[in-house]
Amino acid sequence: MKIIDVKAIPLRGHTHDTGWPGGTDPNEQMNTLIEVRTDEGPTGIGSCFTGLAFVEASLGLLRPWLAGETPFEAERVSEKLRQQSFWLGRGGAVEHTISGIDIALWDLQGKLLNQPVSRLLGGNYRAKLKPYASMLFDDPPKLREKLLEQTARGFRAIKMGWRPFGRVSRKLDETLVRTARETVGDDVELMVDAGGSEQFWPHGVTWARETAKMLGDWGVVWFEEALRPDDLEGFKELRASSPVLIATGEVFTRRQTFQPYITQRALDVIQPDLTKCGGISEGRRLGWMAHDHGVKLVPHGWNTAIGVAADLALTAALPVATWVEYQTGVPYIEQLIDPPFKLDADGLLPVPTGPGLGIRLNPDAVARFSKGNG
């Protein structure tokens, strides 16, 4: 059996059915599914965080190296694509596309071997993980309402991010965090994402240090993207004084970018997005590197249901793992597969046990979200 082709399937929302949280342009196309095809029929599905034009351009480069390859060696094949494309781009859209191919290769390999990806990655250290509901900050009354929606759904961990936090005043920042803690009580874990990867992020270590202290007063688990993503020295300084865990990494690609943050102890939590960083193969390498340095891996999951399934497979196969990110009320996650993910009575997500990623695409949803994009 050989790989013969790879197909890109763009996703975008519609005016009343956006795949993204409210406030995002429904026509903005940020996620593309990847389907790897074989000469005997079986296919694998992946997902990458890049628009169709960039994916198609990248596939023009990668297809010749993928054609004729075996579907049984996902890690070697994706690393081959990475090594072959060095001179034409290390990271960016090419690496995002390799990420989608890699996830699809693992899915395909699992289907062919009739085994879940988590087992192929070395074995399951756990059968369930705690999902944290991932949502945007809002004005206090609306924030309270949104938090109660998440706890009513059974979530026992919630992350809030972006929007007014860090963009108005320290007083408002603390008001938002206090509102959240008073709303959910002490038994629900809270995380805060400042969104320091936003364009022209204005804050440095002094702001981040004082904010981390405030978050510690309210029992926040981690402080995410407090600084610009590439501020290695700033993260080292912040982590040395922070009472809460320090996390970042969602925009990074390739293990070499993460390496100094792990080995120089700049972070407590790395957050690779498997649909960007190099896929499951690169995520596995990062997970073990992090483990050897006492750093946790919690995947960034602001993407699709395929990304969530990949996150569950990877974190199940790591010796130390606790959380996975889960966007709530987002059709790209909650409508794209059938049956959808479902929390158990303890607020945990079971790791899929079926072959490959253990999920099945909803063809009607895929057709609806890809309509008009070719």
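## With respect to the packing of aromatic side chains
Evaluated as defined, the whole model comprises 12 aromatic pairs. For the pair F252 and Y261, a centre-to-centre distance of 5.0 Å together with 50° between the ring planes defines the contact as tilted. For the pair formed by F252 and Y261, the shared burial category is buried. A ring pair is formed by Y326 and F341, whose centres lie 6.3 Å apart and whose planes are at 80°; its orientation type is edge-to-face. Taken together, the positions of Y326 in strand β11 (residues 323-327) and F341 in the loop between α12 (331-334) and β12 (349-350) put the pair 15 residues apart, joining distant regions of the chain. Classification of Y326 by relative accessible area gives buried; the value is 2%. When its relative accessible area of 14% is taken as the criterion, F341 is described as buried. One aromatic cluster is present, formed by F137, F165, W201, W207 and F223 through successive ring pairs. The lysine or arginine in question, K276, covers the ring of F49, its NZ or CZ lying 4.3 Å from the ring centre. Cation over ring: R368 sits above F369, and NZ or CZ is 4.9 Å from the ring centre.

## Notes on the packing of helix α1 (residues 52-66) against helix α2 (residues 74-84)
Relative to each other, α1 and α2 sit at 130°, their axes nearing to 10 Å. Regarding the angle of α1 to α2, the classification is oblique. When you trace α1 past α2, the crossing you get is right-handed. Contact residues: L62, W65 and L66 in α1; V77, K80, L81 and Q84 in α2. Of the residues assigned to the contact of α1 with α2, the class counts are five nonpolar, one polar and one charged.

## Structural notes on the sheet that holds strand β1 (residues 3-11)
Read from one edge to the other, the open sheet built from three strands follows the order β1-β2-β3, with strand pairing classed as antiparallel. The strands lining the two open edges of the sheet, one partner per strand, are β1 and β3 (43-48). Direction aside, the axes of adjacent strands within the sheet are offset by 20° on average. Two elements, β1 and strand β2 (residues 31-38), share eight bridges in a ladder whose sense is antiparallel. Note on β2: the bridge partner recorded for P10 is T32. Contacts from α1 reach β1, β2 and β3, with the element oriented near 175° to β1.

## Remarks on the pairing of strand β6 (residues 189-193)
A regular strand places its side chains on the two faces of the sheet in alternate fashion. The buried fraction of β6 amounts to four of the five residues, a majority that puts the element mostly inside the structure. Of the pairings in the sheet, the one linking strand β5 (residues 157-161) to β6 comprises five bridges and is parallel in character. By the bridge assignment, G161 is partnered in β6 with D193. Once you follow β5 into helix α6 (residues 170-184) and on to β6, the crossover reads as right-handed. Where β6 lies against strand β7 (residues 222-224), two bridges are found, and the strand directions are parallel. Looking at the pairing, D193 lines up with E224 of β7. Between β6 and its parallel partner β7, the chain crosses via helix α7 (residues 205-217), and the hand of that crossover is right-handed.

Calculation notes
The written sequence of each chain sets the order in which its residues are numbered from 1. Residue-level local features of this predicted model are given only where pLDDT is at least 70; pairs of side-chain atoms are given and counted only at 80 or more, and the full residue set underlies all totals for whole chains, interfaces and linings. Side-chain measures here rest on the full set of heavy atoms in the structure, leaving out hydrogens and waters. Here a Phe, Tyr or Trp ring, Trp counted by its six-membered ring, pairs with any other such ring whose centre lies within 6.5 Å, and the pair is stacked when the planes are under 30 degrees apart, edge-to-face when over 60, and tilted otherwise. Only protein chains enter the accessibility calculation, which uses a 1.4 Å probe; a residue whose area is less than 20% of its type maximum is buried, one above 50% is exposed, and one in between is partly exposed. Secondary structure elements follow DSSP: runs of H or I no shorter than four residues count as helices, runs of E no shorter than two count as strands, and numbering proceeds from the N terminus. Charge-over-ring placement is defined geometrically: NZ (Lys) or CZ (Arg) within 6 Å of the ring centre, and within 35 degrees of the ring normal. Axes here mean lines fitted to C-alpha atoms, for a helix over just the part in contact, with angles spanning 0 to 180 degrees between N-to-C directions. When describing relative orientation, an angle under 35 degrees is termed roughly parallel and one over 145 degrees roughly antiparallel, while 65 to 115 degrees is termed roughly perpendicular and anything else oblique. A clockwise turn of the near helix away from the far one marks a right-handed crossing, whereas an anticlockwise turn of less than a right angle marks a left-handed crossing. It only takes one pair of heavy atoms within 4.5 Å for two residues to be counted as in contact. Polar here means any residue other than Ala, Val, Leu, Ile, Met, Phe, Trp, Tyr, Cys and Pro, which are nonpolar, and Asp, Glu, Lys and Arg, which are charged; Gly is therefore polar. Only when DSSP finds a minimum of two bridges between them are two strands counted as paired. Whether a crossover is right-handed depends on one test, that the path from the first strand over the helix to the second runs clockwise when the strands point away from the viewer.

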